[in-house]
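Given next are the chains, with one letter for each unit.
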Amino acid sequence: MKNDAQYTNHSGKAAAFVQDEARTDWHDGALWFVRYKRDIQIKKVPEWETMRELASQIKANVLANLDKYLIQFEENALKNGVQVHWAKDAREHNEIVLNILKNKGVKKLVKSKSMLTEECHLNPFLIENGIEVVDTDLGERIVQLRDEAPSHIVLPAIHLKKEDVGATFHKYLGSEEGAKDPKYLTEVARGHLREKFLAADAALTGVNFAVAETGGITVCTNEGNADLGAHLAPVHIASMGMEKLIPRQSDLGLFLRLLARNATGQPITSFSSHFFKPNVGQELHFVIVDNGRSEQLGRADFRKSLYCIRCGACMNTCPVYRRSGGHSYGYTVPGPIGSILSPGVDLKKYSSLPFASTLCGSCSDVCPVKIDIHHQLYKWRQIIAQENELPLSKKISMKVTGFLFSHPSLYRFAGKTARTMLPLMPRFLVYNKLNAWGIHREVPVAPKQSFREWYIEQQKKGANKE
Amino acid sequence: MTSKEYILQRVKQNKPEQTLLPDVPDFERLDVDWVEHFKETLVFVGGQAIELESDVEVNLRIQELFPDMKVIASDIPSVEVANFDLNGTTDPHLLKDIDLIVIRGEFGVAENAAVWVPASSLSHRVLPFITQHAVIVLDKSQLVWNMHQAYKRLDIDKANGFGVFISGPSKTADIEQSLVIGAHGSRSLVVFLVNK
């Protein structure tokens, strides 16, 4: 049996998520509304499709010259007085961060949103080593207090209702019992986190874009939390996946116009902060992380997944994500983009994720950098089948279907039998555990004849008329 | 081999074939009234823009709009309502009780209501974030249409190591997607568009 700790069973976890029907409907609707807001914003930009194409071309150029741009970025950052570190993998990233903190005697760290540090499991590592780590993005703070992972890369607490947040804040922050007004709860978090910002010895932020030409980084937030941390603390560490590079300062114009519009339907985030040099008396560190990215770069069919600018639009539009929740994926980045990134990290563990899709292609349609997400999902499925990682039920049904499809007369016989037998069969024979398709739906009424039979009949009729 | 050498070697081995880096046009729009668009968009993102005839009006309007603000700080010398000594304060943590700041924006972006504020025009980098409320004074003639034009005129060598585009007040929708203005940073943002 595949054990859950080692394998992510998407459909199993999704089945648990949809138990609460009202909540599932709310989740579905809330995310679709974000998609709707995005559509309104992008329609205001006549050159939107041209921008997507240009962004895709720039990202292609970044991958083709990644070594060159990395060197250029480091050179310029060093000239700016920034300390640059390179990490092969998550372990090395975490060690680098811990060393910086230890050298400065840091006890309290505030963090802004960084999916990379989630990917590296930095928080538990630092906490084990005696550092207080506080996530300061409101959604991330909520899930941190609940000891959960973010369920969405842009909306970390989208799986929770305001009552859940109220209960969490009552338990950990002493807010009024039963409070559920978002304004009140946000105010409670504001007061709590202001204290943390003022007391922090170091701040860690993510990076939205790193510019090779200037050696600077750009960090986008609506809350202003990255800046409150970074400008108050004497040490600022910015961790970045190495695919965050863009060649030129001017390219930011394109990517900032795309990012927030596509993510949440905003013209731009409230704050787009550009860090070039450390503040007087401050240390600024950039940690450049590989952690499997150079390997993904070598996979011709899948390297375009590295174009991703983490807007989350593919999640908001995905009919499977919206109805299964981010936690059902069991990977740091959930949804369609996560389902093409994760098999590259661990094919066995994440073998169910490329199947968590209808292949409808909506993810590829909304992607601001034109990643062919649904094609990659399809390609991963084939690799997973070749590597013999399909679950038994799928393996058998695929074999049977494959056999039938390659034997036309047998296929016709099976079809005829089904058409005759289905209406006659007792209900328990059709609707049982073996027929997954019958669990939530009625099998359509079987037609009297197949298309082939109908077609032959029509041909004969036509011939008779002539 | 260092990690840097290892990573660069792997990237070199695995990177795809060369492709051209495209030129990105400006996409400038002249069929839109930039000032009106800036004002409308700022309202959409939770802020407010007010047109002023001259810098002289700034003091009066601040008193009108913010009669209850106790601690007011400004990096603009002509703002007489300011009562906090920013230049005499070295530790940025001491800015925590500021109610209102009045700062100068270098230029604005009509399309998304963002205003460029470089560190060179701030006494403290944290100022626009730690304050409870913010006023940005912007010369109305200093508008560009979009971010492409914005980056053309943005001079990072003059920014003094940091700069931020500010579009509206601090906000969040992390609880049930309900928009709340004033997450961690400024609870309100007013941009004075001044006719010079």
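This section reports on the structure supplied with the text. These numbers were taken from a predicted model, which means no experiment stands behind them.

Regarding the pairing of strand β6 (residues 133-139) of chain B
The two faces of a sheet get side chains in turn, since along a regular strand they alternate between them.
Residues and elements named next belong to chain B.
Piece 1. Where burial is concerned, most of β6 is hidden: seven out of the seven residues are buried.
Piece 2. Two strands pair when backbone bridges link them, and strand β3 (residues 100-104) and β6 are joined in this way by five bridges, in the parallel orientation. Each bridged residue has a counterpart across the sheet, and for Val-102 the counterpart in β6 is Val-135.
Piece 3. The pairing of β6 with strand β11 (residues 188-194) spans seven bridges and is parallel. Its bridge partner being in β11, Asp-139 is matched across the sheet by Val-194.

Observations regarding a nonpolar patch on the surface
Residues and elements named next belong to chain A.
Piece 1. The grouping of Phe-33, Tyr-36 and Ile-40 at the surface amounts to a nonpolar patch, some 310 Å² of accessible area in total.
Piece 2. Along the chain, the position of Ile-40 falls in helix α2 (residues 21-42).
Piece 3. The class of Ile-40 is partly exposed, set by a relative accessible area of 38%.

Quick look at the environment of A:Ala260
Residues and elements named next belong to chain A.
Piece 1. Note that Ala-260 resides in helix α12 (residues 251-264).
Piece 2. Using a relative accessible area of 4% as the deciding quantity, one classes Ala-260 as buried.
Piece 3. Sequence-wise, Ala-260 and Ser-294 are 34 residues apart; in three dimensions their C-alpha atoms are separated by 27 Å.
Piece 4. Setting aside its immediate chain neighbours within four residues, Ala-260 contacts Gly-265, Gln-266, Ile-268 and Thr-269.

Notes on the sheet that holds strand β1 (residues 48-52) of chain B
All names here are of chain B.
Piece 1. An order of β1-β11-β6-β3-β2 is seen for the five strands of this open sheet, with the pairing classed as parallel. Single-partner strands in this sheet number two, and they are β1 and β2 (72-74). Taken over all neighbouring pairs, the strand axes of this sheet differ in orientation by 20° on average, direction set aside.
Piece 2. Where β1 lies against β11, five bridges are found, and the strand directions are parallel. Bridge pairing in β11 places Ile-50 opposite Phe-192.
Piece 3. Each of β1, β6 and β11 is contacted by helix α2 (residues 34-44), which is oriented at about 145° to β1, the strand it contacts most.

Quick notes on the pairing of β11(B)
Piece 1. For β11(B), the buried fraction is high: seven of the seven residues fall into the buried class.
Piece 2. The side-chain alternation of β11(B) yields two buried faces, one formed by B:Ser188, B:Val190, B:Phe192 and B:Val194 and the other by B:Leu189, B:Val191 and B:Leu193.

Concerning the side chain of A:Asp28
All names here are of chain A.
Piece 1. As for its position among the elements, Asp-28 is in helix α2.
Piece 2. Classification of Asp-28 by relative accessible area gives buried; the value is 15%.
Piece 3. Setting aside chain neighbours within four positions, we find Asp-28 in contact with Arg-322 and Arg-323.

Things to note about the sheet that holds strand β9 (residues 271-275) of chain A
Piece 1. Read from one edge to the other, the open sheet built from eight strands follows the order β8(A)-β5(A)-β6(A)-β9(A)-β8(B)-β5(B)-β4(B)-β7(B), with strand pairing classed as mixed. The sheet is open, and its two edges are formed by β8 (245-246) of chain A together with β7 (143-144) of chain B, each paired on a single side.
Piece 2. Of the pairings in the sheet, the one linking strand β5 (residues 209-211) of chain A to strand β6 (residues 216-221) of chain A comprises three bridges and is antiparallel in character. By the bridge assignment for β6(A), A:Ala210 is matched with A:Ile217.

Describing empty space enclosed by the protein
All names here are of chain A.
Piece 1. Under the counting rule described, the total for this entry stands at five cavities of 30 Å³ or more.
Piece 2. Forming the walls of the largest cavity are 16 residues, and the residues nearest its centre are Cys-308, Cys-311, Cys-314, Cys-367 and Pro-368.
Piece 3. There is about 60 Å³ of room inside the second largest cavity.
Piece 4. As for the second largest cavity, its lining consists of Cys-318, Pro-319, Pro-336, Ser-357, Thr-358, Leu-359, Cys-360, Gly-361, Ser-362, Cys-363, His-374 and Leu-377.
Piece 5. When residues of the lining of the second largest cavity are traced back to their parent elements, those giving at least two are α17 (362-366) and α18 (373-386).
Piece 6. Residues belonging to the lining of the second largest cavity are distributed by class as follows: seven nonpolar, five polar and no charged.

Description of the packing of aromatic side chains
Piece 1. Applying the stated rule across the entire model yields 14 aromatic pairs over all chains.
Piece 2. Taking 5.0 Å as the distance between ring centres and 70° as the angle between the ring planes, the aromatic pair formed by A:Tyr331 and A:Tyr350 counts as edge-to-face. Remark: A:Tyr350 occurs in the loop between α16 (335-345) and α17 and A:Tyr331 occurs in the loop between α15 (319-324) and α16; sequence separation between them is 19 residues.
Piece 3. Considering the side-chain rings of B:Phe107 and B:Phe165, the 6.2 Å spacing of their centres and the 75° angle between planes classify their relative orientation as edge-to-face. Of this pair, B:Phe107 sits in strand β4 (residues 107-109) while B:Phe165 sits in strand β8 (residues 162-166), and the two are 58 residues apart along the sequence.

Notes on the pattern of salt bridges
Piece 1. Applying the stated criterion to the full structure yields 42 salt bridges over all chains.
Piece 2. The shortest N-O distance in the salt bridge between A:Arg323 and A:Asp28 comes to 3.4 Å. Pair noted here: A:Arg323 is in helix α15 and A:Asp28 is in helix α2, with a separation of 295 residues, a long-range link.
Piece 3. Exposure remark for A:Arg323: the relative accessible area of 40% places this residue in the partly exposed category.
Piece 4. A salt bridge links B:Lys96 to B:Asp97; the nearest nitrogen and oxygen atoms lie 3.4 Å apart.
Piece 5. Ionic contacts of the salt-bridge type, sharing partners, join the residues A:Glu47, A:Arg257, A:Arg261 and B:Glu111 into one network.

Topic: the nonpolar core
As a rule of thumb, nonpolar side chains are buried together in soluble globular proteins.
Piece 1. Judged by nonpolar contacts, the single largest core of 145 residues is most densely connected at B:Phe38 and B:Phe165.
Piece 2. Considering each element in turn, this core owes the most residues, eight residues, to helix α3 (residues 48-64) of chain A.
Piece 3. For this core, the domains that each give at least three residues are domain 1 (1-19 + 313-405) and domain 2 (45-294) of chain A.
Piece 4. Judged by nonpolar contacts, the second largest core, of 22 residues, contains A:Val97, A:Leu101, A:Val106 and A:Val289.

Side note on the interface of chain B and chain A
Piece 1. Contact with chain B, which involves 68 residues of that partner, is made by 95 residues of chain A.
Piece 2. Its largest share of buried area at the contact with chain A, chain B owes to B:Ile175, B:Glu176 and B:His184, together 12% of the area lost on that side.
Piece 3. Applying the counting criterion to the chain B and chain A interface returns six salt bridges.
Piece 4. Here A:Asp67 and B:Lys15 are joined by a salt bridge, their closest N and O atoms 3.1 Å apart.

With respect to helix α1 (residues 3-14) of chain B
Residues and elements named next belong to chain B.
Piece 1. Relative to the 16 Å expected for twelve residues at 1.5 Å per residue, α1 spans 16 Å between its end C-alpha atoms, a close match to the ideal helical length.
Piece 2. Residues of α1 that are buried: Ser-3, Ile-7, Leu-8 and Val-11. Buried residues of α1, viewed axially, fall in a sector of 125°; they line one side. Facing away from the buried side of α1 by more than 90 degrees, the exposed set consists of Lys-12 and Gln-13.

Analysis parameters
- Every chain is numbered on its own, with residues counted from 1 as its sequence reads.
- For this description, chains carry letters from A and ligands carry numbers from 1, given in the order in which they are written.
- Only residues with pLDDT of 70 or above have their local features reported here, since the model is predicted, and side-chain atom pairs are shown and tallied only from 80 upward, although totals for entire chains, interfaces and linings are computed over all residues.
- Processing note: side-chain calculations cover all non-hydrogen atoms of the structure and skip hydrogens and water entirely.
- Burial classification: accessible surface area is computed with a 1.4 Å probe over protein chains only, and a residue below 20% of its type maximum counts as buried, one above 50% as exposed, and the rest as partly exposed.
- Numbering goes from the N terminus for both helices and strands, where a helix is a DSSP run of H or I of at least four residues and a strand is a run of E of at least two.
- Two strands qualify as a pair provided DSSP detects at least 2 bridges between them.
- Residues enter patches when their relative accessible area tops 30% and they take part in no salt bridge; the joining distance is 9 Å for like charges and 5 Å for the nonpolar side chains Val, Leu, Ile, Met, Phe, Trp and Tyr.
- Using a 1.4 Å probe, the Shrake-Rupley method yields the accessible areas, and only the shown protein chains count as cover for residues.
- Definition used for salt bridges: Asp or Glu carboxyl oxygen within 4 Å of a side-chain nitrogen of Lys or Arg.
- The contact definition used throughout considers only heavy atoms, calling two residues in contact when any of these lie within 4.5 Å.
- Fitted lines through C-alpha atoms serve as axes, helices being fitted only where they are in contact, and the angles separating the N-to-C directions of these axes extend from 0 to 180 degrees.
- Points on a 1 Å grid over protein atoms alone make up a cavity when a 1.4 Å probe fits among them but cannot get out, and a pocket when they form an open set with protein on both sides within 12 Å along at least five of seven lines; lining residues each have an atom within 4 Å of a point.
- Grid points are joined across faces, edges and corners, and a volume is the space filled by probe spheres set on the points.
- Gly counts as polar in this scheme, as do all residues outside two lists: the nonpolar Ala, Val, Leu, Ile, Met, Phe, Trp, Tyr, Cys and Pro, and the charged Asp, Glu, Lys and Arg.
- Aromatic rings from Phe, Tyr and Trp, taking only the six-membered ring of Trp, are treated as a pair when their centres fall within 6.5 Å; an angle between ring planes under 30 degrees marks them as stacked, one over 60 as edge-to-face, and anything in between as tilted.
- As used here, the term nonpolar core means buried Ala, Val, Leu, Ile, Met, Phe, Trp, Tyr and Cys residues forming a set that is joined through side-chain atoms within 4.5 Å.
- An automatic or database domain assignment supplies the start and end points of every domain.
- The term buried area denotes the loss of accessible surface (1.4 Å probe radius) that occurs when two parts are joined, taken as the sum for both partners.
- Here the expected span of a helix is defined as 1.5 Å times the quantity of residues minus one.
- The reported arc concerns the directions from the helix axis to the C-beta atoms and nothing else.

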